[in-house]
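In case you want the letters, here they are:
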Protein chains: 2
Amino acid sequence: MSIRYPNGKRYVPKGSTLSQNKKERTNYSNRGMTLEDDLNDTNTFYLHSQKAVIHKKPTPVQIVQVDYPRRSAAVIKEAYFKQASTTDYNGVYRGKYIDFEAKETKNKTSFPLQNFHQHQIEHMEAVINQNGISFIILSFTLFDEIYLLDAQILIHHYQNQNNGRKSIRKKDIEEWGHLIKIGYQPRIDYLSIVDQVYFQ
Amino acid sequence: MSIRYPNGKRYVPKGSTLSQNKKERTNYSNRGMTLEDDLNDTNTFYLHSQKAVIHKKPTPVQIVQVDYPRRSAAVIKEAYFKQASTTDYNGVYRGKYIDFEAKETKNKTSFPLQNFHQHQIEHMEAVINQNGISFIILSFTLFDEIYLLDAQILIHHYQNQNNGRKSIRKKDIEEWGHLIKIGYQPRIDYLSIVDQVYFQ
């Protein structure tokens, strides 16, 4: 999850450093863009070209204290980040409900399952039960490779973590997932994969 | 939009007073619940009974300053409420994309259109173009009456505001909308109306 301050400076989570962060951004397609930025641009393109209506949900925040300075807007003075109970992106495409989560990793050989929470896995199962389309978008930033993987494959791996494996092998993602072409407009044309996988 | 502090106290927007607010809450079905509370309970019921997956989106907030006190979670020290560019509720039901906004009024004879923003109207149009299901839920709190109204009727009224009328007459809502039965569980069974209106 990437948050930007109004001055355009990127919000850097505790534990990471600006230099690491900069390296990651440079590696990612050399465009200084995060996966979230690219997906937001892609969704804006889909919206304006009337192809789909898909938005990122706002970051859930627990508001504790709000001030009302005279003659100006309400200021939130104390709030905390909350864990999301759903995935970050949803919307409608060709009449169907679309729901996904997007994550990136600097790993080379596998995608760590700790990127996902139990609540999100349950949400994906519930969406599938309602005949919604549920998937994840996984970015291997060191290779500039972005895959679409059906949520059922993630759920299978997540539920079998007790057997020892805490990640999905990259070669399994290559086999069961679908490489998304990175372009200029849209940047990450994941709906072309959705067409193939869910509308054939 | 109703926001609650963690102590359960309701967030009261500037300009309103606690006493007005209390009166409104008492009048609303005498259960001390807001429309949002009732819809959240209804959606939780739908989720747990595997009938639908519909959530309220988090309140959009522009984060300006975050502090990291030692050994504890990040604290947001400065943030502002942002205007939503979509509706508040969306999800999936019987494979279809569901999208709606919910509003209440103390008016007796009409529903003011100022409850909706241009961005939301455009969002509803885009959803309809993608064959999603788009509607509004309108609560007349003084009568304990809650209606489901198809978004196309709202859009029609919104776009004809320049002809002078800044609200939708209650009698038009009675004629073109659908009264939702208020019950115990679910409290506001709007999907029974969705079945009638969109799945026949």
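Fair warning: this is a prediction, and the values are worked out from it, not measured in the lab. (Residues numbered from 1 in each chain as written. Chains lettered and ligands numbered in written order. Predicted model: local features only at pLDDT ≥ 70, side-chain atom pairs only at ≥ 80, totals over all residues. Heavy atoms only, no water.)

Q: Where do I start with the environment of aspartate 41 of chain A in this structure?
A: Residue and element names in this part refer to chain A. Within the secondary structure, aspartate 41 is located in helix H2 (residues 35-48). Sequence separation between aspartate 41 and arginine 187 is 146 residues; the distance between their C-alpha atoms is 7.2 Å. Dropping the residues within four chain positions of it, aspartate 41 is found in contact with Met33 and Arg187. (Helix = DSSP H or I, 4+ residues; strand = E, 2+ residues; numbered from the N terminus. Contact = heavy atoms within 4.5 Å.)

Q: I tried to follow the relation of the copies chain B and chain A on my own but got confused; where do I start?
A: Relating the two copies of this chain is a rotation about some axis coupled with a shift parallel to it. Under the fitted operation, chain B is carried onto chain A by 0.0 Å of movement along the axis and a turn of 180 degrees, and the coordinates agree to an RMSD of 0.0 Å. Taken together, the rotation and translation relating the two chain copies correspond to the operation of a two-fold axis. (Least-squares fit on C-alpha atoms with pLDDT ≥ 70 in both.)

Q: Would you take a moment to explain the UniProt feature "binding site: Mg(2+)" (unreviewed entry) in chain A for this structure?
A: All names here are of chain A. According to UniProt, the positions carrying the feature "binding site: Mg(2+)" (unreviewed entry) are Thr86, Asp88, Glu101 and Gln120. In terms of the greatest pairwise C-alpha distance, the residues named above, spread along 35 residues, form a tight cluster of at most 9.4 Å across. Along the chain, glutamine 120 turns up in helix H3 (residues 118-129). Judged by relative accessible area, glutamine 120 falls into the buried class, the value being 4%. Filtering out sequence-adjacent residues up to four positions away, glutamine 120 remains in contact with Ala84, Ser85, Thr86, Thr87, Glu101 and Asn115. A polar contact is formed between the side chain of glutamine 120 and the backbone oxygen of threonine 86, at a distance of 3.4 Å. (UniProt positions renumbered as here; feature names shortened; annotations may be inferred. Buried < 20%, exposed > 50% of the residue type's maximum accessible area, 1.4 Å probe, protein only. Polar contact = N/O pair within 3.5 Å; in protein donor to acceptor, adjacent residues only side chain to side chain.)

Q: Just to check I follow, could you spell out the sheet that holds strand S3 (residues 75-81) of chain A for this structure?
A: Neighbouring strands of a sheet are bound in pairs by backbone hydrogen bonds; such pairs are parallel or else antiparallel. Spatially, S2(A)-S3(A)-S3(B)-S2(B) is the arrangement adopted by the 4 strands of the open sheet, whose pairing is antiparallel. The strands lining the two open edges of the sheet, one partner per strand, are strand S2 (61-67) of chain A together with strand S2 (61-67) of chain B. Each adjacent strand pair in this sheet contributes to an overall mean axis angle of 30 degrees, direction not counted. Across 6 bridges, S2 of chain B lies against strand S3 (residues 75-81) of chain B in antiparallel orientation. Its bridge partner being in S3 of chain B, isoleucine 63 of chain B is matched across the sheet by alanine 79 of chain B. (Pairing = 2+ DSSP bridges. Axes fitted to C-alpha atoms, helices over the stretch in contact; angles between N-to-C directions.)

Q: Before we go on, may I ask you to explain the interface of chain B and chain A in this structure?
A: A common way to express how large an interface is: the accessible area buried when the components associate. Contacts between chain B and chain A engage 50 residues on the former and 51 residues on the latter. Considering only the side of chain B, the residues that lose the most area to chain A are Tyr68, Ile76 and Gln130 of chain B, jointly responsible for 17% of the buried surface there. If you look at where chain B meets chain A, you find 0 salt bridges. Going through the elements one at a time, strand S1 (53-56), S2, S3, strand S4 (89-93), strand S5 (96-105) and helix H3 (118-129) of chain B are the ones with two or more residues in the side of chain B that touches chain A. Per-element accounting of the side of chain B that touches chain A gives the leading share, 7 residues, to S3 of chain B. Counted by class, the side of chain B that touches chain A contains 27 nonpolar, 14 polar and 9 charged residues. In this structure, S3 of chain A lies alongside S3 of chain B, joined through 2 bridges in antiparallel fashion. Opposite isoleucine 76 of chain A, over in S3 of chain B, you have alanine 79 of chain B as the bridge partner. (Buried area = accessible area lost by both parts, 1.4 Å probe. Salt bridge = Lys/Arg side-chain N within 4 Å of Asp/Glu carboxyl O. Nonpolar A, V, L, I, M, F, W, Y, C, P; charged D, E, K, R; others polar.)

Q: Even after reading the chapter, I still don't get the packing of H3 of chain A against helix H4 (residues 151-159) of chain A, so can you show me in this structure?
A: Each packed pair of helices is defined by two parameters, the angle between the axes and the distance between the axes. Residue and element names in this part refer to chain A. One can describe the packing of H3 onto H4 by two numbers: an axis separation of 10 Å at closest approach and a directional angle of 135 degrees. Considered as vectors, H3 and H4 are oriented oblique to each other. Crossing geometry of H3 relative to H4 is assigned as left-handed. Residues Gln118, Ile121, Met124, Glu125 and Ile128 of H3 touch H4, and the partners they reach there are Ala151, Gln152, Leu154, Ile155, Tyr158 and Gln159. Across the contact of H3 with H4, the residue classes tally to 7 nonpolar, 3 polar and 1 charged. (Parallel < 35°, antiparallel > 145°, perpendicular 65-115°, else oblique. Left-handed = near helix turned anticlockwise from the far one by under 90°.)

Q: Can you walk me through the packing of aromatic side chains in this structure?
A: Both the distance between ring centres and the angle between the ring planes are used here to describe each pair of aromatic rings. Residue and element names in this part refer to chain B. Under the counting rule described, the total for this entry stands at 23 aromatic pairs over all chains. Relative to tyrosine 190, the ring of tyrosine 46 lies with its centre 5.4 Å away and its plane at 80 degrees, an arrangement referred to as edge-to-face. Within this pair, whereas tyrosine 46 is found in helix H2 (residues 35-48), its partner tyrosine 190 is found in helix H6 (residues 190-198), the two being separated by 144 residues in sequence. Neither residue differs from the other here; tyrosine 46 and tyrosine 190 are each classed as buried. (Phe/Tyr/Trp six-rings, centres within 6.5 Å; stacked < 30°, edge-to-face > 60°.)

Q: Could you clarify how one ought to interpret the side chain of arginine 187 of chain B in this entry?
A: Within the secondary structure, arginine 187 of chain B is located in the loop between strand S10 (178-179) and H6. A polar contact is formed between the side chain of arginine 187 of chain B and the side chain of aspartate 41 of chain B, at a distance of 2.9 Å.

Q: Please clarify how the pattern of salt bridges should be interpreted in this entry.
A: When the charged atoms of two side chains with opposite charge come close together, those side chains can pair. Residues and elements named next belong to chain A. Taken as a whole, this structure holds 16 salt bridges over all chains when the rule is applied. With a closest N to O distance of 3.7 Å, lysine 103 and glutamate 101 form a salt bridge. Note on accessibility: lysine 103 and glutamate 101 belong to one class, buried. With a shortest N-O distance of 2.7 Å, glutamate 145 and lysine 170 are connected by a salt bridge. With a gap of 25 residues between them, glutamate 145 in strand S8 (residues 145-150) and lysine 170 in helix H5 (residues 170-176) connect regions that are remote in the sequence. Of the residues examined, lysine 170 reaches a relative accessible area of 7% and is grouped as buried.

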